[in-house]
Amino acid sequence: QVQLVESGGGAVQAGGSLKLSCAASGSIFAINGMGWYRQSPGEQRKWVATISRGGSTNYADSVKARFTISRDNAKNTVYLQMNSLQPEDTAVYYCNADIEKYGTGKYYSYWGQGTQVTVSS
């Protein structure tokens, strides 16, 4: 069993900051890419940022220069530092990870349960 558990969401005013965390646990042999996605009401889930096992990062244009993704491989945890938050950043944020479970020899994509971020103007 593999679980991704997010934390750190909440409500902030425009211009504020939040830091999300997502910890993977369970029968994990290795983790490849990790990332964050978000979904606003009535919209499809959208990609926000990803980070490779080696630390290479990519960002959606809408968050570039405001959000920073990082990871701690020893803790199987990915983070998303969000600065200069705007009302349009309001969404449920989901973490995602490509994980190889012990004994499978394959990577599978896993999702967290989501954490709400609300930014008021």
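The rules behind the values
Residues numbered from 1 in each chain as written. Predicted model: local features only at pLDDT ≥ 70, side-chain atom pairs only at ≥ 80, totals over all residues. Heavy atoms only, no water. Helix = DSSP H or I, 4+ residues; strand = E, 2+ residues; numbered from the N terminus. Rg over C-alpha atoms; globule rule 2.2 N^0.38 Å. Contact = heavy atoms within 4.5 Å. Areas by Shrake-Rupley, 256 points an atom, 1.4 Å probe, with all protein chains shown as cover. Buried < 20%, exposed > 50% of the residue type's maximum accessible area, 1.4 Å probe, protein only. Pairing = 2+ DSSP bridges. Axes fitted to C-alpha atoms, helices over the stretch in contact; angles between N-to-C directions.

A.B. asks: Hey, could you run me through the overall build of the protein in this one?
C.D. replies: On a plain count of helices and strands, the protein comes out with zero helices and 11 strands. Beginning at the N terminus, the succession of helices and strands in the protein can be written as β-β-β-β-β-β-β-β-β-β-β. By the compact-globule yardstick of 14 Å for 121 residues, the protein fits well, its C-alpha radius of gyration being 14 Å. Judged by the C-alpha coordinates and their principal axes, the protein covers about 50 × 25 × 20 Å. For the protein, the proportion of contacts with a sequence separation of at least 24, taken over those separated by at least 6, is 56%. As displayed, the protein offers around 6300 Å² of accessible surface, 46% of which is attributable to carbon and sulfur atoms.

A.B. asks: What should I look at first to understand the environment of valine 78 in this one?
C.D. replies: As for its position among the elements, valine 78 is in strand E8 (residues 77-82). Taking relative accessible area as the criterion, valine 78 reaches 0% and is therefore assigned buried. Spatially, the C-alpha atoms of valine 78 and glutamate 6 are 9.2 Å apart, while their sequence positions differ by 72 residues.

A.B. asks: In this structure, what is going on with unusual backbone geometry? I would like to understand it.
C.D. replies: Phi is mostly negative for residues that are not glycine, and the peptide bonds are mostly trans. For alanine 65, which is not a glycine, the phi torsion comes out positive at approximately 80 degrees. Summarising the element assignment, alanine 65 is placed in the loop between strand E6 (57-59) and strand E7 (67-72). With a phi close to 55 degrees, asparagine 76 is a non-glycine residue in the positive phi region. Note that asparagine 76 resides in the loop between E7 and E8. Residue asparagine 76 is classed as partly exposed on the basis of its relative accessible area, which comes to 24%.

A.B. asks: Honestly, the sheet that holds strand E1 (residues 2-7) in this entry has me stumped. Any pointers?
C.D. replies: In any sheet, the strands associate via hydrogen bonds between backbone groups, in a parallel or an antiparallel arrangement. As summarised here, the arrangement of the four strands in space is E1-E3-E8-E7, forming an open sheet in which the pairing is antiparallel. Taken across any chain shown, the strands that pair with only one partner, and hence form the sheet edges, are E1 and E7. This sheet shows a mean twist of 15 degrees between the axes of neighbouring strands, independent of strand direction. As paired strands, E1 and strand E3 (residues 18-26) are joined by six bridges and run antiparallel to one another. Residue glutamate 6 lies in a different strand from E3, and its bridge partner there is cysteine 22.

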